[in-house]
Number of protein chains: 2
Amino acid sequence: MRLALALARRAARRGEVPVGAVVVAPDGRVLALAHNRVETDRDPTAHAEILALRAAGARLGTPRLVGCDLWTTLEPCPMCAGAVGLARIRRLYFAAADPKGGGVEHGPRVLASRGHGPEVYGGIGESEAAGLLRAFFAGLRG
Amino acid sequence: MRLALALARRAARRGEVPVGAVVVAPDGRVLALAHNRVETDRDPTAHAEILALRAAGARLGTPRLVGCDLWTTLEPCPMCAGAVGLARIRRLYFAAADPKGGGVEHGPRVLASRGHGPEVYGGIGESEAAGLLRAFFAGLRG
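A brief report on the enclosed structure follows.

Cut-offs applied
Residues numbered from 1 in each chain as written. Chains lettered and ligands numbered in written order. Predicted model: local features only at pLDDT ≥ 70, side-chain atom pairs only at ≥ 80, totals over all residues. Heavy atoms only, no water. Buried < 20%, exposed > 50% of the residue type's maximum accessible area, 1.4 Å probe, protein only. Helix = DSSP H or I, 4+ residues; strand = E, 2+ residues; numbered from the N terminus. Contact = heavy atoms within 4.5 Å. Buried area = accessible area lost by both parts, 1.4 Å probe. Salt bridge = Lys/Arg side-chain N within 4 Å of Asp/Glu carboxyl O. Polar contact = N/O pair within 3.5 Å; in protein donor to acceptor, adjacent residues only side chain to side chain. Pairing = 2+ DSSP bridges. Axes fitted to C-alpha atoms, helices over the stretch in contact; angles between N-to-C directions. Least-squares fit on C-alpha atoms with pLDDT ≥ 70 in both. Phe/Tyr/Trp six-rings, centres within 6.5 Å; stacked < 30°, edge-to-face > 60°.

With respect to helix α4 (residues 78-86) of chain B
Okay, step 1: Burial runs high along α4 of chain B: eight of the nine residues are buried.
Okay, step 2: Looking at the buried residues of α4 of chain B, the elements they touch are α3 (48-60) and α4 (78-86) of chain A together with α3 (48-60) and β3 (69-74) of chain B.
Okay, step 3: Looking at the residues trailing α4 of chain B, positive phi occurs at R88 of chain B, about 65 degrees.

Structure follows, in structure tokens:
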């Protein structure tokens, strides 16, 4: 999660919503790193999780990331939660919960609504991730 | 929808699940065309809708496709439904319903769970789209 938080800080420095994500292989190798790039890429789907899952698929040469884990600094939105399920991620670790935009423990609870899906572990590094987001949005309003 | 169905047929010829999607600008121009490319691209997120939304964002130079419509041959899954919401799509038109994997009228009903979201019109060209999918999966099993 330390690595994902470093990516989130980098996103903030670039004017992107500070979210970072890391895909880890079954053997513990880091397969893919990404931060939010929606504005930079002019891409509504360029959330950190989507970019990390895409990069991991390209690196492994398969769209099915069986046995891989995803670490992300914010509870995934419904789009990203759906992608986590499609990618066959084994364990999802996230830091800050997102009661408004989240899709895992909040809102449509995308992963819970199906019979399968990853194990989910929330709240790891939550205060740092939430602090980054609060500072970012306070800066936008300031 | 005719164009989206032609893209779905092309996907089937390439061994991809036959789904096609088209983004149309407020003035009726076709902005982006895509079909499913999950296997070809080794990308778990490469559904037709995601690819079309990404291409439309790149073409318009913004991640917010305000006033644009999305036409797709299958009810979007939760990932794609989430992306449709994030992209600020105005109207979502789809052909075949997907009681098992859909995320708009079925499953987590991603768009209905929030206060905002596009107008949704299902069932346009449904029999042709459903026939393509049935033939594709029958071929896989055959």
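Examining the interface of chain B and chain A
Okay, step 1: The interface of chain B with chain A comprises 31 residues on the first partner and 31 residues on the second.
Okay, step 2: Here chain B and chain A share an interface that buries about 2300 Å² over both sides, 64% of which is from carbon and sulfur atoms.
Okay, step 3: Joining chain B to chain A, the criterion identifies four salt bridges.
Okay, step 4: Here R64 of chain B and E39 of chain A are joined by a salt bridge, their closest N and O atoms 2.9 Å apart.
Okay, step 5: Between chain B and chain A we count four residue pairs in polar contact (both at pLDDT 80 or more) in total.

A short note on the sheet that holds strand β2 (residues 30-35) of chain B
All names here are of chain B.
Okay, step 1: Ordered in space as β2-β1-β3-β4-β5, the five strands form an open sheet in which the pairing is mixed. In this open sheet, the two edge strands, each paired with only one partner strand, are β2 and β5 (119-121). On average, adjacent strands in this sheet sit at an angle of 15 degrees to one another, irrespective of strand direction.
Okay, step 2: Alignment of strand β1 (residues 20-24) against β2, held across five bridges, turns out to be antiparallel.

Thoughts on the side chain of T45 of chain B
Okay, step 1: Assignment of secondary structure puts T45 of chain B in the loop between α2 (38-41) and α3.
Okay, step 2: Judged by its relative accessible area of 0%, T45 of chain B falls in the buried class.
Okay, step 3: Excluding residues within four positions of it along the chain, T45 of chain B makes contact with I50, R54 and A83 of chain A together with I50 and M79 of chain B.

Observations regarding the relation of the copies chain B and chain A
Okay, step 1: For the match of chain B to chain A, the screw axis carries a shift of 0.0 Å, the RMSD comes to 0.0 Å, and the turn is 180 degrees. What the superposition gives is, in effect, a two-fold axis relating one chain to the other. Of every C-alpha in chain B, the one belonging to M79 of chain B sits nearest the axis of rotation, 1.9 Å from it.
Okay, step 2: Of the residues that chain B buries at the interface, 100% are likewise interface residues in chain A, meaning the two copies contact each other through the same surface.

Let's talk about the packing of aromatic side chains
Okay, step 1: Counted under the stated rule, the structure contains six aromatic pairs over all chains.
Okay, step 2: Ring centres of W71 of chain A and Y93 of chain A lie 3.9 Å apart, and the angle between their planes is 10 degrees; on these two criteria the pair is classed as stacked. Here W71 of chain A is found in strand β3 (residues 69-74), whereas its partner Y93 of chain A is found in strand β4 (residues 91-96), with 22 residues between them in sequence.
Okay, step 3: Taking the relative accessible area as the measure of exposure, W71 of chain A reaches 22% and is therefore partly exposed.
Okay, step 4: Consider the rings of Y93 of chain B and Y121 of chain B, whose centres lie 5.1 Å apart with planes at 20 degrees: the pair is stacked. Taken as a pair, Y93 of chain B in strand β4 (residues 91-96) and Y121 of chain B in strand β5 lie far apart in primary sequence, 28 residues in all.
Okay, step 5: An aromatic cluster is built from W71, Y93 and Y121 of chain A, whose rings are joined through pairwise contacts.

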